[in-house]
Amino acid sequence: MHHIQQLAADILGRVEAGTTLTEALAAAHRQAPNLSASERGALQDLSYGSLRHLGTLSHHLRQLVPKPLPEPQLERVLIVAFYQLLHTRAADYAVVNEAVTLAGTLAKGNFKGLVNGVLRNFLRRREQLTALAARDLVASSNHPSWWLQRVQAAYPEQWRQVMAAANAHPPLTLRVNRRDGSVEDYLKRLDEAGMAAATLGGEAVQLAKPVAVRELPGFADGEVSVQDEGAQRAAHWLDLQPGLRVLDACAAPGGKTGHMLELADIEVTALDIDAARLTRVADNLERLGLTAQLREADAARPEAWWDGRPFDRILADVPCSASGVVRRHPDIKWLRRPGDFAMLGRQQAEMADALWPLLASGGKMLYATCSIFPEENQQQLESFLRRHPDAACLRQEQLLPCERHDGFYYALLEKH
């Protein structure tokens, strides 16, 4: 099975070079199209797990191999092996043998002995290494130091909980389609299927243990969708009434689009700049039996697509760092750079400014991000209000990741 270890090390290399984990996993599946379902599951666990715990695993590596190895892939093989030895049920000897075999194919096989020695040393010193990593903030928080410092500065009281939540496994939360039935009825169906679940309010139901989407009762028929409880708040904040014209400015993958249409008979225009991502919106709406006008367009350039008829509601789910959903996408924390925020801030301001003139007088626009950083959230709101005297903020909320939901920010603006 050493090819799974190799594929996981390849995925880490691709992420290191700037590819998202989703894209890197898809590339690995193309590279090895004949993987069984259990092998695909193992590959997903090794790649997600290694990135989730990369701070600790890298710390172990430098304790055991103080100088970087001349072949970076050898380091990735060791990191994946450390993850397997710490977090999976794979037998220790099998993990070591796989890694040594793999080392034989790299750097002319010169490092087989080193890899063998490092892993045996790791097994001997596991407890001591774990204690050392726990005393190092970057290693134990599993985030880059600059990220950790920003979270500490923004949330001096809560930063430990924020970091712990970002490293946890995400919950599986469902949105019951109000048009198809009640939350109570769906909870009964889950119970009959042997899936323990609880209601979180609104249409949100959280499963005690995640399952494969295809196993969910009624999923294929649109009775239920997968959507975080924090993301489900957006449609409720917008105060939707039958007959309103609504713009969903960055709609993909279409979770919030579907939710809005489930809640009220409204006319929705859903935009996305990426054609491939727009097909996911179409697929989601088709499964739910709902319709919207889909447009491949840049929300920040309305002159290219807007017909001049004002919208009653606008959902401005702006591009952001995605720092609130790191537990679902552990590559984000390693791919982001401190300099990204200036560029993201410009995009956020530009999009909010471009959409505001499209809103009818008395209409409402919801500024939304899946970020926990104030410069993308409260600071953006304050500067928007300074630029637009005809805007009033009705309410705002910063959600931090926790057992119930991921991290999100919402600010509801009304036009005078």
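Since we're looking at a predicted model, the values are computed, not measured.

(A) Just the pattern of salt bridges, in detail. Inspection of every chain in the model, using the stated rule, returns 25 salt bridges. Between E16 and R76 there is a salt bridge; the shortest N-O distance is 3.4 Å. Linking E16 in helix 1 (residues 2-16) with R76 in helix 5 (residues 72-87), this pair joins segments that are 60 residues apart in sequence. In this structure, E223 engages R189 in a salt bridge whose closest nitrogen and oxygen atoms are separated by 2.2 Å. Of the two residues, E223 is situated in the loop between strand 3 (204-207) and strand 4 (224-226) and R189 in helix 11 (residues 183-192); the sequence distance between them amounts to 34 residues. Beyond isolated ion pairs, a larger network of salt bridges with shared partners links D228, R327, R328 and D406.

(B) Layout of the pairing of strand 9 (residues 359-369). With respect to burial, strand 9 is a largely interior element, nine of its 11 residues being buried. With six bridges joining them, strand 8 (residues 311-317) and strand 9 adopt parallel strand pairing. Among the inter-strand pairings, I314 is bridged to a residue of strand 9, identified as M365. Alignment of strand 9 against strand 11 (residues 408-415), held across six bridges, turns out to be antiparallel. Its bridge partner lying in strand 11, T369 is registered against Y409.

(C) Quick peek at the packing of aromatic side chains. Counting across every chain of the model gives nine aromatic pairs. Measuring from ring centre to ring centre gives 5.7 Å for W146 and W147, while their planes differ by 55 degrees; the resulting arrangement is tilted. Arranged with centres 5.4 Å apart and planes meeting at 85 degrees, the rings of W356 and F384 form a pair that is edge-to-face. Of this pair, W356 sits in the loop between helix 16 (340-355) and strand 9 while F384 sits in helix 17 (residues 378-387), and the two are 28 residues apart along the sequence. With relative accessibility at 3%, the residue F384 sits in the buried group. An aromatic cluster is defined as three or more aromatic residues linked by ring pairs; in this entry it consists of W146, W147, F341 and F373. Over the ring of F311 we find R245, and its NZ or CZ is 4.6 Å from the ring centre. A cation sits over an aromatic face here: R287 above F219, 4.0 Å from the ring centre.

(D) Layout of the layout of surface pockets. Empty space within the second largest pocket amounts to approximately 490 Å³. Lining the second largest pocket are 26 residues, with E16, L54, S58, I79 and W334 sitting closest to its centre. Residue assignment for the lining of the second largest pocket shows that the elements contributing at least two residues are helix 1, helix 4 (54-64), helix 5, helix 8 (137-141) and helix 15 (332-335). With six residues, the single largest contributor to the lining of the second largest pocket is helix 4. For the lining of the second largest pocket, the residue count by class is 13 nonpolar, five polar and eight charged.

(E) Quick peek at empty space enclosed by the protein. Counting across every chain of the model gives one cavity of 30 Å³ or more. Put simply, the largest cavity is a space of about 50 Å³. Of all the secondary structure elements, the ones that give two or more residues to the lining of the largest cavity are helix 16 and helix 17. Counting residues per element, the lining of the largest cavity draws most heavily on helix 17, which supplies four residues. Of the residues belonging to the lining of the largest cavity, the class tally is six nonpolar, two polar and one charged.

Rules of the game
- Numbers given to residues run from 1 along each chain, matching the order in which its sequence is written.
- Residues qualify for local features only when their pLDDT is at least 70, as the model is predicted, and side-chain atom pairs are given and counted only at 80 or more; totals for whole chains, interfaces and linings, by contrast, use all residues.
- Note: side-chain values were computed over all heavy atoms of the structure, leaving out hydrogens and water.
- Criterion for a salt bridge: a side-chain nitrogen of Lys or Arg within 4 Å of a carboxyl oxygen of Asp or Glu.
- By definition, any uninterrupted DSSP run of H or I lasting at least four residues is a helix, any uninterrupted run of E lasting at least two residues is a strand, and each is numbered from the N terminus.
- Only protein chains enter the calculation, and the probe is 1.4 Å; a residue is then buried if its accessible area is under 20% of its type maximum, exposed if over 50%, and partly exposed in between.
- In this scheme, strands are said to pair when DSSP sees at least two bridges between them.
- In summary, the pairing rule links any two rings of Phe, Tyr or Trp, Trp by its six-membered ring, whose centres are within 6.5 Å, and it sorts them by plane angle into stacked for under 30 degrees, edge-to-face for over 60 and tilted for everything else.
- When the NZ atom of lysine or the CZ atom of arginine is within 6 Å of a ring's centre and also within 35 degrees of its normal, the charge is said to sit over that ring.
- A cavity here means a set of 1 Å grid points, computed over protein atoms only, where a 1.4 Å probe fits but cannot escape. A pocket is an open set with protein on both sides within 12 Å along at least 5 of 7 lines, and lining residues have an atom within 4 Å of a point.
- Grid points are joined across faces, edges and corners, and a volume is the space filled by probe spheres set on the points.
- Under the scheme applied here, ten amino acids are nonpolar (Ala, Val, Leu, Ile, Met, Phe, Trp, Tyr, Cys and Pro), four are charged (Asp, Glu, Lys and Arg), and all others, including Gly, are polar.

Remember, this is a structural readout, not a statement about activity or role.
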